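Structural overview for review
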Amino acid sequence: MKVLSIALEMKNYILVLVLWGMCLDSSNGGSMGFFNSTEPVKRMAKIMMEECNETDAATKSGFADFLQRVAFQRNRLMADFIANSSNSRNRPASTDSPQDTTAWTDLMDTRQTNFTPSVNQTDNTTQPPTSGTGTWRPTSDGMDQADSVGTVEPPTSGTGTWRPTGDGIDQADSAGTVEPLWDLGINLAAEKQMDISTFLMLMERLMEDKDYGPRLTACVESSRSPEIAWDSIVANLSELQPQHVRLLMWGASPFLRRATAEKLKGLPLVTNSNQVQDMMKGFGLIYQGLRRDLRTGIFNWAKESLTSVQCSGERERPETEGLSGNGNNPAVTSDLASANCSSNWIKNDTLTILGLFLIDAPPKDFSYVTPQQVCRLLNDSGFPGGPSGMFDIDPQRAKRLLSLLVGSCINPAGLGDFLRLGALACYYDDAASFGKDNASALLRLLRSCRNKEVLKSVTMLVQALGPGIPVDGQMLRDLGIAASALSSSQLANISDRDIRNSISQLGQGLWWSGGQTRLLIRKFLKAGGQISSSRDLMKIGSLIKGVPSNILRNLSAEQLLQAVQAGLEEQASKLSTFQRKTIVATILQGVNSTVAIESLPGSLITELPLYVIQTADIRSIQEVKEKLWNRGQALYLCQSLSTNGSLPINELRQPWPLIQGVTCEMIKEYGDQFVLQIGKSLANNSSWLSRTQLACAAKTLKTKLGGVQAGASSQITDSLLEAIPSAFLLHLGEADLRILFTQACAALLAKMAVAEMALLPRSSPVRAYVREEALRCLGRPVSALNETDVARLGLLLCEFTGQNISDLANDTFSALIPQLYRCRQFSPTAGSSLVSKLLNTLGNVSDWTGDTVTSLGPLITLLEEDSLAQLPDTAGVKEALMQFAASRPSPGSVALPEFDTSFYLTGVYAKIFNILVGASGQAGSSGARADTCSVRPSTAQVRELGQANVQWTAEQLACVSVRTFVDTVEVLAAVDGFSQEQYVALRDKALQAWGSPSNFTQEDIANLKCIVTTLSVSELALLDLSSIDTLAIISGCPAWTQEQQSAVLDRFLDLGRMTAASLGPVELSGLGNFVCGMNSSLASQLGEETIRLAAASLGMLTCAGSSLDFLNNRVTEVFGPMKEWTAAEMSELGTMAAGASAEELKSLDPEVMPFLSTTAVRLILPDRFPVLSAAQVKRLGPENAAAVTAAQLERVSEEQRVALMEALGVPTRIKASTTVAGRRLGRLPDSQRVVGPRVLRIPLPHCAVGAEL
């Protein structure tokens, strides 16, 4: 106890852990009493927190080094301590003499270093070197005298153990060996797990301290300790004891919360049901924090392990009569032991082990679950999480569980039974059947639901209460976070005072629309509510989306920063770009640039102007590398912090957003070390790298991999390939891939199976080459492929041609469907073959269920509309289709056909519409005039249809009642793809509802969004356009004409009594594309400071005509001639480059060409584009090359065309027609889309037009 106290005073907490571990390993448990005392634990936690704080400003590398030493060297330190201690009664057998101390390090893999000290074999001492840095440990007392951070110069005399430092490696003992790097997935002996477990036991105890625990937890979680814990589990799972599994799973939980399913690949299967249950307990504790793909991977691992248990006929646990009801998880029963390896592997006990992961089972497995089994789980108090933990369940799965429960052990008519459903009640879709008596109780039950589907039930229950029941403050409190189910009319009728008194509860809502938040904030302020402090901002929570910019600008920088630190960052990602820019601009008025960079988090720092960053005092990359920078910011920081043109390679090992700023020139300086040293960290997170960077990185590999030189790649090994991300390998080209496939076929196949082929252009010949080489590597024809083969092919299956699909055996294709679910693109020739195979495998479309549709994923979009129309009109099919459609990302305003990953959803929307509205609502069957209105869209239909509202005809939209229009205007305004006729019908409905445009409120205008674009110039002049917030919402609509933009801009300036010269950066950002309405005179009046601070907003404009020229002229007056713009400035100023004159375009340095935005490339006038030289075009990069329009291509020379193909990544030696650009600026017409987007084929010089790749 005394020694431990002294160690605490000395801050030598490595020694503390050593001594504590010694006591735990001995029969004397004295230290347990020490650490069970409150004061020593608090002191230890404080000391460790101080250590964490000292390194936090850098990269926590010092603290990480401490964790490394504690976690992996405790036995060695302990051995050294014992070897030099007078007390030898507790010595391990392997440390009877000083010479044996290195036996402890032999338990770990070691590698030789360049430093080979001279070892005195008699006393195990080493003469120190005379130069270099490292840790010198004298042998006087056996303790490590260096602290956990930093290095010391070696002494010139004395004996001890010299450990040099090198490249971040703690280089270990006097034999000149090195303990492995953190990131190599170390295989440790079972004894070493005791080290980590002991460390975690201490950390778990320390983190319970109420004063230091939370901060210490955050520090540890950001270190590499969690990943080490997971690597330890992977390496030694079969040998771990249950208490070690628990501690290691606890220690690994921060890593697992951010991990992908790829991280599960190394987890070995086990044939011991106890170990499966122990692991699933650990996973279950963090279920809600895991990614869905990881949860699915965990389910699959458990399934394979439990199937192995069944197949081995294991009988390790006593038989039981049933599930325990005392809160403890039951032992595995006889039905598991006596299983006969049937396909129906789900038993009562396997369900208990799976816990909540049951809901991540694929439909095929889930179909084996019986009502009796689910009822048994529902009644078991030991079921981990139970229904109360199922907030994140897939809606289809929830409906399946409910169907099993209802009628078997749940009577929905009985309120008590219904309450037992917990979170599953959030998915019950017949809430209206409960009637008025139970409606209030059910509303209180549903108030905590976090699934958006519950809004429909809440709406029904509110209606069930009857029209005479007022929606007041009490009901708002009853509704909780589900209050967003109330319509705009209902919210408007709630008293302002009730809104003010309920603002905290309302601020917790999850699904407020923009219009709802604006309405609630207006009523809150009208009732005397205040938003004048950081506390006020936090109180309104998610309603901050509705706070006007003028109120945000009235807050001080200090108040906003306090709100950010108190949790505003969580809401910031939901704010509009304009709102984030307003907050940042307001903060900059009160703090300098250096403080702003230190204080701003995540999504806010991306809005920091480059001009501000350039004035900051940034001296070290450690100050900025973990921030969420955008590309322009990252380019500047990498350049300004680089030494001799490059950053230290060790700073790039983690996939920080800063890596966006690494240019091709820097990558060339790094050589193959860029790939090899950061490869593993980027393997599962290459999203920060552009296609241009990937191509540059691939070029640096040519020396390492032998390039095209014969025999140079003879040393290629599986381990070398493993260190290189597949995204880099994809960009090597055919010649280098041919060498790799020849040298390491199986290893390369494994890498290509997880490669994202969408990184390559659709016309890249590499796609076809990799597919064919992968098939050759398997050594059998496509017709002979089995389930194992297709599993090995992974994502390469997405590249299968129509012939490949046709050649597959039906049984093999059935196993292939789950793999195809993950495809982001399909081969252009695969569509009809895939559909034919689907019909042969799954039967008639009319017999498919919702589970069938869910299992198909994007494959469902390959069906023709006539086939989709044959799907059953069931709730299950509707839910499956709606869930799939909602999961697809919204298309941008411009789709680059070469890289487009969107799918054709028109048929899906048509089927959803048909199920909800019925055949009478079909566009083809409804030619009804507005005055007949045989079909009148209802509020419930419009809300549930969402994007499928695009199926209403203009005549049907004209039949919407005024009440329905007012309550659903935001839903309708958010629909993509409305025609001009449909928009006109909605505009007319707005005029009917609110009268003349002069009567439209600012909220009305904001809610109408792009419907406003149908107003004439004279009507726009009547609108109340005095609010910059309103203009920020409607400015992004693509249908605005330049004449309308000028009218809106003039109206805004007139109402605000402003001039162009008086516009500040916030106003200029909020105006958005209405700035395109400026003439030469107005553009020339913009202030220099305003332009510098709003440069990023100007760079996002999509102006047409001469307005870009006017703006470019003013911008070049501020930033200088374009030929002097840096890569960072080119990236930030974006589309301003498109307004350059022909002479300015010719003067651009080829090195800045990759940093043009794709929109800027598209906006360059066709008659100016040809002035770019072949050298400039070649450096455009893949995305920019794909953005070149057909009109621009018509004017380029043959030399430029070849250069463009090289920039795209499609070699011109291939006899093929390739894709460069879409034929239009938006999405391709539906008639041209078959499997993914069609592409415009541009013949290359000396290539056969229309030839197949």
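Residues numbered from 1 in each chain as written. Predicted model: local features only at pLDDT ≥ 70, side-chain atom pairs only at ≥ 80, totals over all residues. Heavy atoms only, no water.

**Some details on the overall build of the chain**
Stated precisely, the cut-off is as follows: In this description a helix means any DSSP run of H or I spanning at least four residues, a strand means any run of E spanning at least two, and both kinds are numbered starting from the N terminus. Remark: exposure states derive from per-residue accessible area (1.4 Å probe, protein chains only) relative to the maximum for the residue type, with buried under 20%, exposed over 50%, and partly exposed in between. Contacts were defined at the residue level, with two residues in contact if any of their heavy atoms lie within 4.5 Å.
Across its full length, the chain holds 68 helices and nine strands. When the 1253 residues of the chain are sorted by exposure, 56% land in the buried category. Taking contacts inside the chain between residues at least 6 apart in sequence as the whole, the part at least 24 apart equals 73%.

**A look at the nonpolar core**
The criterion, for reference: Nonpolar cores were defined as sets of buried Ala, Val, Leu, Ile, Met, Phe, Trp, Tyr and Cys residues, with membership established by side-chain atoms within 4.5 Å.
Counting residues in hydrophobic clusters, the biggest one holds 317 residues, and the most contacted among them are W230, M279, M280, F283, L793 and I860. Ignoring sequence-local partners within four residues, the contact set of F283 consists of W230, M249, L256, L264, L267, L290, I298 and F357.

**Here's the deal with the side chain of K523**
Mapped onto the elements of the fold, K523 is located in helix α24 (residues 514–526). Every residue in contact with K523, bar those within four places of it in the chain, is listed here: L491, A492, I494, S495, D496 and I499.

**Looking at the packing of helix α39 (residues 745–752) against helix α40 (residues 765–778)**
The following threshold applies: Inter-axis angles, ranging from 0 to 180 degrees, are taken between N-to-C directions of lines fitted to C-alpha atoms, where helices are fitted over the stretch in contact. Our angle categories are set so that under 35 degrees counts as roughly parallel, over 145 as roughly antiparallel, 65 to 115 as roughly perpendicular, and the remainder as oblique. Handedness of each helix crossing follows the sense of rotation of the near helix against the far helix: counterclockwise by less than a right angle gives left-handed, clockwise gives right-handed. Note that Gly is not counted as nonpolar here; it falls among the polar residues with everything else outside the nonpolar set of Ala, Val, Leu, Ile, Met, Phe, Trp, Tyr, Cys and Pro and the charged set of Asp, Glu, Lys and Arg.
Orientation of α39 relative to α40, taken along the N-to-C sense of each, is 130 degrees, at an axis distance of 10 Å. On the basis of the axis angle, α39 is oblique to α40. Seen from above, α39 lies across α40 with left-handed handedness. Contact residues: C745, A746, L749 and M752 in α39; V770, A774, C777 and L778 in α40. In terms of residue class, the contact of α39 with α40 is made up of eight nonpolar, no polar and no charged.

**Some thoughts on the packing of aromatic side chains**
The following threshold applies: By convention, a stacked pair of Phe, Tyr or Trp rings (six-membered ring in the case of Trp) has centres within 6.5 Å and planes under 30 degrees apart, an edge-to-face pair has planes over 60 apart, and any other such pair is tilted. Here, a charge over a ring means that NZ of Lys or CZ of Arg falls within 6 Å of the ring centre while also lying within 35 degrees of the ring normal.
Counted under the stated rule, the structure contains ten aromatic pairs. Here the aromatic rings of F913 and W952 are separated by 4.7 Å at their centres, their planes lie at 85 degrees, and the arrangement is edge-to-face. With F913 in helix α48 (residues 906–917) and W952 in the loop between α49 (939–945) and α50 (954–957), this residue pair connects regions lying 39 residues apart in the sequence. Assigned by exposure class, F913 and W952 land together as buried. One residue, R691, lies across the ring of F899, its end atom 3.9 Å from the ring centre. When the ring centre of F1119 is taken as reference, the NZ or CZ atom of R1092 above it lies at 5.1 Å.

**A closer look at the side chain of S603**
Secondary-structure assignment places S603 in helix α30 (residues 602–605). Once residues within four sequence positions are removed from consideration, S603 is found in contact with A572, S573, R580 and L628.

**Digging into the packing of helix α8 (residues 225–236) against helix α9 (residues 242–257)**
Where α8 meets α9, the closest approach of the two axes is 7 Å, and the angle between their N-to-C directions is 120 degrees. By the angle between their axes, α8 is oblique relative to α9. With respect to the hand of their crossing, α8 and α9 are arranged in left-handed fashion. Residues P226, E227, A229, W230, S232 and I233 of α8 pack against L248, M249, G251, A252, P254, F255 and L256 of α9. Its residues placed into classes, the contact of α8 with α9 shows ten nonpolar, two polar and one charged.

**With respect to α24**
For clarity, the cut-off: A helix is expected to span 1.5 Å for every residue after the first.
Between the first and last C-alpha of α24 there are 18 Å, a value that for 13 residues agrees with the 18 Å anticipated at 1.5 Å per step. Every buried residue of α24 is accounted for by G515, Q516, T517, R518, L519, L520, I521, K523 and F524. Downstream of α24 by one or two residues, G528 has phi in the positive range, about 95 degrees.

**Quick look at the confidence of the model for the chain**
So the rule is basically this: One confidence number per residue, pLDDT, is output by the predictor and ranges from 0 to 100.
The share of residues in the chain with pLDDT of 70 or more is 70%, and the mean pLDDT across the chain is 76. The low-confidence segment residues 10–37 (pLDDT under 50) makes 67 contacts with residues lying over four places distant or belonging to another chain. Note on residues 1214–1253: pLDDT under 50 across the span, and 107 contacts to partners over four residues away in sequence or across chains.

**Remarks on the pattern of salt bridges**
Rules: One speaks of a salt bridge when a side-chain nitrogen belonging to Lys or Arg is within 4 Å of a carboxyl oxygen belonging to Asp or Glu.
Taken as a whole and judged by the stated rule, the model has 26 salt bridges. The partner of D988 in a salt bridge is R987, and the shortest N-O contact between them spans 3.0 Å. Judged by its relative accessible area of 37%, D988 is partly exposed. A salt bridge links K1178 to E1206, with the nearest nitrogen and oxygen atoms 3.9 Å apart. Placement of K1178 in helix α65 (residues 1174–1178) and of E1206 in helix α68 (residues 1198–1208) is noted, with a sequence separation of 28 residues between them.

**Regarding helix α44 (residues 831–842)**
When the terminal C-alpha atoms of α44 are compared, their 16 Å separation across twelve residues agrees well with the 16 Å that a helix rising 1.5 Å per residue should span. Tucked into the core, α44 has its buried residues touching α42 (802–807), α43 (810–820) and α45 (850–856). Count one or two residues on from α44 and you reach G843, which has phi positive near 85 degrees.

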